[in-house]
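# Breakdown of the fold
For reference, the chains in residue letters:
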Protein chains: 2
Amino acid sequence: MSTSAVSTPLKVGSAKLPSRVTVFEVGPRDGLQNEATPVPVEVKAEFVERLVDAGVRALELTSLVRPDRVPQLADAEELLRRLDLPEEVRTVVLTPNEKAVRRAVDAGVREIAVFASCTETFSRRNLGRSVDESLRMFEPVVEYARRNGLAVRGYFSMACGDPWEGAVPVEQAVAVARRLDDLGCTELSLGDTIGVGTPGQTVALIDAVVAAGIGMDRLAVHLHDTYGQALANASAAITRGVTVVDASAGGLGGCPFAGSSTGNLATEDLLWHLHGLGIETGIDLHALAGTSAWLAGHLGRPSPSRAAQAITQAMT
Amino acid sequence: MSTSAVSTPLKVGSAKLPSRVTVFEVGPRDGLQNEATPVPVEVKAEFVERLVDAGVRALELTSLVRPDRVPQLADAEELLRRLDLPEEVRTVVLTPNEKAVRRAVDAGVREIAVFASCTETFSRRNLGRSVDESLRMFEPVVEYARRNGLAVRGYFSMACGDPWEGAVPVEQAVAVARRLDDLGCTELSLGDTIGVGTPGQTVALIDAVVAAGIGMDRLAVHLHDTYGQALANASAAITRGVTVVDASAGGLGGCPFAGSSTGNLATEDLLWHLHGLGIETGIDLHALAGTSAWLAGHLGRPSPSRAAQAITQAMT
């Protein structure tokens, strides 16, 4: 059977599409962080190497958090030591505080990320402080990173809705994006952390962020598939001009607050989509699906990605 | 947690959206036809009644096929006898041949459907005859139905790609749609039967069908989620002006030729999307998800719909 999308010209109706999209792979961090049983460091390293071999050129590798808080990522420095990736691969490490960014610089990390919330409730539950307090905490983090020549990715999460607060007003999310921009973040990632958004809201938010002076080329979208909306939202974002889309191999991950087992937008579903639209990614979909299948063997459960399932089944 | 999409104005960026979309529920036929073990007729009847109670106003109920060929639907007439649905509910029965349409008229059916293939290989494998032969076979079927005052839905399936033939040229799919139109079909449903399409192709095909003289108001889309593309394609179709979208409760079904267990676009994922876009459907999403959960209990496995899973988990 056919295992490639039909490639069409770079447009949907009259909307022109970008010729290339960067798939920002978050599986190693956002995905594996949510595993009940920590994944051995050698599996993580091989996972990253296989992703890069498949053509992935932008990844979030791990997070320099307190090992007692997130045991799944307690091996962050060990993982970084094991990896020897080509210079052209963007590798990002999440650093919640000053101590973490110092560890990152010491470990030779080239790019860091900070993770802010657009809502007070999630901020207090996830970061243990208010939105403003967390942004002030990030000031020296970003400053230290930039002074050491590192790029900084800033997440503004819960941008569409919050499990406790409901719908998030566009202005509230834009305000957090602007604060991250003011801090010196080089790229901003719009996070629908619980996957409640739909394209009208997603595009309105993108437009508002761009209107606030943050260039479309510095904006990424980070979408979860809790309600099956992730790819439709990504598609709307790309049609609007966004060229960086976060995704996790095999749809790994899952927001522990979403009350659902579904995770990030699956890289395979996204690749099928982009390649079908004639958009280049540089990634080999079949190699990527093979990597997800290999990891699924280690995790002991199949990938939730539709495309990964269909391709893996066709290959076996 | 939030279990409703955030409702936004009726637009995605600058694209205006329809204020109302008809969700055409195909679970009872396209879904249950693919169950390994036939579902008891009383469960089917209750399933249909629950769907209607949830607000569904257009359904494909069953198919009047040979019981030895499709034992899952051998109870078609018994099911029709048991149901007593309000007049305003569109109920469709698939009728592959003249004998079937006569049975349908005798059973008091108000609308039938015929199912054509856009590709020769699928036509021969699924219908046992060429595309042209099958369309000629439908001539007296549609004629008899129309003469008896029945509406006729015509599916043109494998419209985007075929497991054996690969990509289907737009002209090839449009030619089959035109033949169905010429036969007298009142509504046409564009079927991406193996779920390989992406929005560029889907929209190009919609535009070509409309350019061939088939009004947008008579066009539906029937999308499978094999590669996770169904909702993104539905979203693009709706943004283009399509106002009838086929879906199955809980994502029931699955094309036996797709090499994957995934089925139709899930009604729940579609409803979340439409309601989030501010588009009316008349359907209560939570009641619908409850119906899927109830049926999942009978089928002995959870629904593959992301939204159904998330909502069911939040309700329990």
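The structure contained in this document is the topic of the report that follows. Keep in mind that what you see is a predicted model, and the values were worked out from it rather than measured.

### Here's the deal with the environment of B:G278
- Among the structural elements, B:G278 can be located in the loop between α10 (267-276) and α11 (285-299).
- Given the relative accessible area of 25%, B:G278 is considered partly exposed.

### A closer look at the packing of aromatic side chains
- Within the structure shown, the criterion is met by six aromatic pairs over all chains.
- Ring centres of A:Y227 and B:W272 lie 3.7 Å apart, and the angle between their planes is 15 degrees; this geometry places the pair in the stacked category. Note that A:Y227 is positioned in the loop between β11 (219-223) and α9 (230-240) and B:W272 in helix α10, a pairing that runs across two chains. The same class applies to A:Y227 and to B:W272, which are both buried.
- Grouping aromatic residues by their ring pairs yields a cluster made of A:F115, A:F122 and A:Y155.
- Above the face of the B:F24 ring, B:R153 is positioned so that its terminal group lies 3.6 Å from the ring centre.

### With respect to helix α5 (residues 120-127) of chain B
- Where α5(B) begins, one side-chain oxygen reaches toward the backbone nitrogen of B:F122, 3.4 Å away; that side chain belongs to B:T119.
- Looking one or two residues past α5(B), B:G128 carries a phi angle of roughly 70 degrees, positive in sign.

### Focus: the pairing of strand β7 (residues 151-157) of chain B
All names here are of chain B.
- Counting buried positions over the seven residues of β7 gives six, a clear majority of the element.
- Across seven bridges, strand β6 (residues 111-117) lies against β7 in parallel orientation. Of the residues in β7, the one forming a bridge with E111 is A151.
- Relative to strand β10 (residues 187-192), β7 runs parallel, the two sharing four bridges. When the bridges of β10 are listed, G154 appears paired with L188.

### As for empty space enclosed by the protein
- Counted under the stated rule, the structure contains two cavities of 30 Å³ or more.
- Of the volumes computed, that of the largest cavity is approximately 220 Å³.
- In this structure, the largest cavity is lined by 24 residues; those nearest its centre are A:D225, A:G228, A:R306, B:D225 and B:G228.
- Of all the secondary-structure elements, those providing two or more residues to the lining of the largest cavity are α9 of chain A together with α9 (230-240) of chain B.
- When the residues that make up the lining of the largest cavity are grouped by side-chain class, the tally is 11 nonpolar, seven polar and six charged.

### Side note on helix α5 (residues 120-127) of chain A
Residue and element names in this part refer to chain A.
- Turning to α5, its buried residues are F122, S123 and L127. For α5, the buried positions fall inside an angular range of 100 degrees around the axis, keeping them on one side.
- Where α5 is buried, its residues contact β6 (111-117), α6 (131-147), β7 (151-157) and β8 (161-162).

### Side note on the packing of helix α2 (residues 41-53) of chain A against helix α11 (residues 285-299) of chain A
Residue and element names in this part refer to chain A.
- It is the contact of α2 with α11, at a shortest axis distance of 9 Å, that shows an interaxial angle of 170 degrees. Here α11 runs roughly antiparallel to α2, going by the angle between their axes. Of the residues in α11, those touching α2 at V43, E46, F47, R50 and L51 are L288, T291, W294, L295 and H298.
- Residues belonging to the contact of α2 with α11 are distributed by class as follows: six nonpolar, two polar and two charged.

Analysis parameters
Residues numbered from 1 in each chain as written. Chains lettered and ligands numbered in written order. Predicted model: local features only at pLDDT ≥ 70, side-chain atom pairs only at ≥ 80, totals over all residues. Heavy atoms only, no water. Helix = DSSP H or I, 4+ residues; strand = E, 2+ residues; numbered from the N terminus. Buried < 20%, exposed > 50% of the residue type's maximum accessible area, 1.4 Å probe, protein only. Phe/Tyr/Trp six-rings, centres within 6.5 Å; stacked < 30°, edge-to-face > 60°. Lys NZ or Arg CZ within 6 Å of the ring centre and 35° of its normal. Polar contact = N/O pair within 3.5 Å; in protein donor to acceptor, adjacent residues only side chain to side chain. Pairing = 2+ DSSP bridges. 1 Å grid on protein atoms, 1.4 Å probe; cavity = no way out; pocket = protein on both sides within 12 Å on 5 of 7 lines; lining within 4 Å. Points joined across faces, edges and corners; volume = space filled by probe spheres on them. Nonpolar A, V, L, I, M, F, W, Y, C, P; charged D, E, K, R; others polar. Arc of directions from axis to C-beta. Contact = heavy atoms within 4.5 Å. Axes fitted to C-alpha atoms, helices over the stretch in contact; angles between N-to-C directions. Parallel < 35°, antiparallel > 145°, perpendicular 65-115°, else oblique.

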